[in-house]
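In case you want the letters, here they are:
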Amino acid sequence: MRGPKHFDHSVRKGIRLTDYERFLGADARALKELFPAGPARLWGATPPAPKKSEKATAVAGRRVGDEVLFYADRKFVARARILGLFHNQALAEAIWGVDEKQCTWEHIMALGDVVEFDVPAQPLFEGLGLGDVLRSLTLVSAENRARFLHLVDPSAPVSPGRNAPSPGRGTALRRDDVFHALSSLKTHTKDRRPSRHKPITLLWAIGRLAVEQDRMVEWQTFHDEVGPLLRDFGLPESRVTPEYPFWHLRSSGLWDVQGMEDQNATPTPSELTAARASAGLHKDAAKVLRRSLARADAVGLICSKYLGDVDREEVLERVGLAGYASASGELPDGGRGDGTVRRRSGTSTQLDRDSRLVEKIKVMYEHACQVCGSRVETRYSHYSEAAHIRGLGRPHNGPDQLSNLLCLCPNHHVEFDRLAIYIDEDWAVRRNATGAVDYQLKRHADHVIEQKYLRYHRGLCGRL
Ligand SMILES: [Zn+2]
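A brief structural summary. In this text the structure is predicted, and so the values were computed from the model without any measurement. (Residues numbered from 1 in each chain as written. Predicted model: local features only at pLDDT ≥ 70, side-chain atom pairs only at ≥ 80, totals over all residues. Heavy atoms only, no water.)

## Let's talk about the coordination of the zinc ion
Tetrahedral metal sites with four donors have an ideal angle of 109.5 degrees; octahedral sites with six donors have ideal angles of 90 or 180 degrees.
Next up, step 1: Coordination of the zinc ion by the protein involves C369 (SG), C372 (SG), C409 (SG) and H412 (ND1), with metal-donor separations of 2.1 to 2.4 Å.
Next up, step 2: Every donor counted, the four donor atoms about the zinc ion form angles of 99 to 117° at the centre, which fits tetrahedral coordination.
Next up, step 3: All donors to the zinc ion come from one chain, and their sequence spacing reads C-x2-C-x36-C-x2-H. One end of the pair, C369, is in the loop between α16 (355-364) and β12 (376-377); the other, C409, is in the loop between β15 (405-408) and α17 (410-417), with 40 residues separating them in the sequence. No difference in accessibility class separates C369 from C409, as the two residues are buried. (Donors = N, O, S within 2.8 Å, 3.2 Å for Na, K, Ca; no water. Tetrahedral: all angles 85-135°; square planar, octahedral: opposite > 155°, others 65-115°. Helix = DSSP H or I, 4+ residues; strand = E, 2+ residues; numbered from the N terminus. Buried < 20%, exposed > 50% of the residue type's maximum accessible area, 1.4 Å probe, protein only.)

So, in structure tokens, the structure goes:
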């Protein structure tokens, strides 16, 4: 049994990069950035053969942010998140040697903190809809993570719905279904780029819920509202065909069309007009997405997964979800990109925040940023900013209390607010674009930070 030994050596304990300096090659810098201080947690997969096997698909499908599950004796015994992917045969051989076929574990994964547990594998395979053929490399995608954590540990504080006001079990399940559907939208691809019609339409539909409009909309209104969005935010070369998402979003299981018989071909706009067809989110999906926590998660997920190249602030503003573009919520007038991210004191829109709390957190950290540790010097003192983790304003409506506050330097305040960085359950400060660890959050012994607020922020980041 090589697995447990390797696990103990290179994952649980982790290796010292300096011991393998001459094997790191071109990966040296990236690995050192991922593991600046302590041991490096590495795991690998042997080259898949044949090339089109299930394993080949799994190896090629690994993504930063996915969770790797460790399997032993019909159980899953640990999990860790992928921070980086490397292909390095020399390093793999140096760490793990070769197997009986003279292969080594050269498809290397750099891993985040390891959480060990002990759960039977079969229910997990079923619960996540995974094939159990590939126990040696079981992955849970970032979108499925919340669902998975709940299966591993139903009391986990980070599970979906856990922080919502008293969700019943049935509700939590329906929420999972909605999120599963949102994360597995079938989109047409053109030149290998997925069409944005469906995600844009879903954002528009969620925007309607946010202002308590009806979920169902007649075709003509849909055409007039969604058409311009597809034109402005769809792929540049893609045609503006609102009838396409109007009709085909049904396959997501999240969408209803009324007034039109089922048919294979996409109905033409004139057919939809003649039938006075209407469409909108399915009532169960709408029920879930009317809740503010779920809505923040859904907006974060859709933007990150499908609209990575689109200006998030612009598209969210157009669909009436402007506040979801930042952690603090509503931006001041003309506040885009000019540095005036937050409201300053003295304006009429100033939110009523408790200045004593602001003072308290700054004093507690002596103005040192909890992310980078730096203190901005002023002529007579120092300067820092108190950042709410879950914004005070609409639509986030976070509480004004110490457990929802961070002391940050201006740069990290902007990055946190604009969702460029987020904080993981293990207090690692990660870059949202890559998932790479930038810093460990510094925490004062007297400062209790509530995980549920960090989790809310991660939802906005599309990092459930
Ligand atoms: Zn900082």
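Let us keep going from here.
## Focus on unusual backbone geometry
Next up, step 1: The peptide bond linking R394 to P395 adopts the cis configuration, its omega dihedral lying at 0°.
Next up, step 2: In this model, R276 sits at a positive phi of 50°, which is unusual for a non-glycine residue.
Next up, step 3: Following the sequence through the fold, R276 ends up in the loop between α12 (269-275) and β11 (278-281).
Next up, step 4: The phi dihedral of E366 is positive, around 50°, even though this residue is not glycine.
Next up, step 5: Take E366: it is sitting in the loop between α16 and β12.

## Here we look at the nonpolar core
Next up, step 1: In this structure, L203, W204, W255, L281 and L316 are the most contacted members of the largest nonpolar core, which totals 58 residues.
Next up, step 2: Here this core takes nine residues from helix α14 (residues 292-306), the largest share from any one element.
Next up, step 3: Each of domain 2 (189-298) and domain 3 (327-460) gives at least three residues to this core.
Next up, step 4: In this structure L203 touches V299, I302, C303, L307, V315, L316, V319 and L321, once residues within four positions along its chain are discounted.
Next up, step 5: Core analysis: the next-biggest nonpolar cluster, separate from the first, contains 22 residues, Y20, L24, L31 and I108 among them. (Core = buried A, V, L, I, M, F, W, Y, C linked by side-chain atoms within 4.5 Å. Domains from an automatic or database assignment. Contact = heavy atoms within 4.5 Å.)

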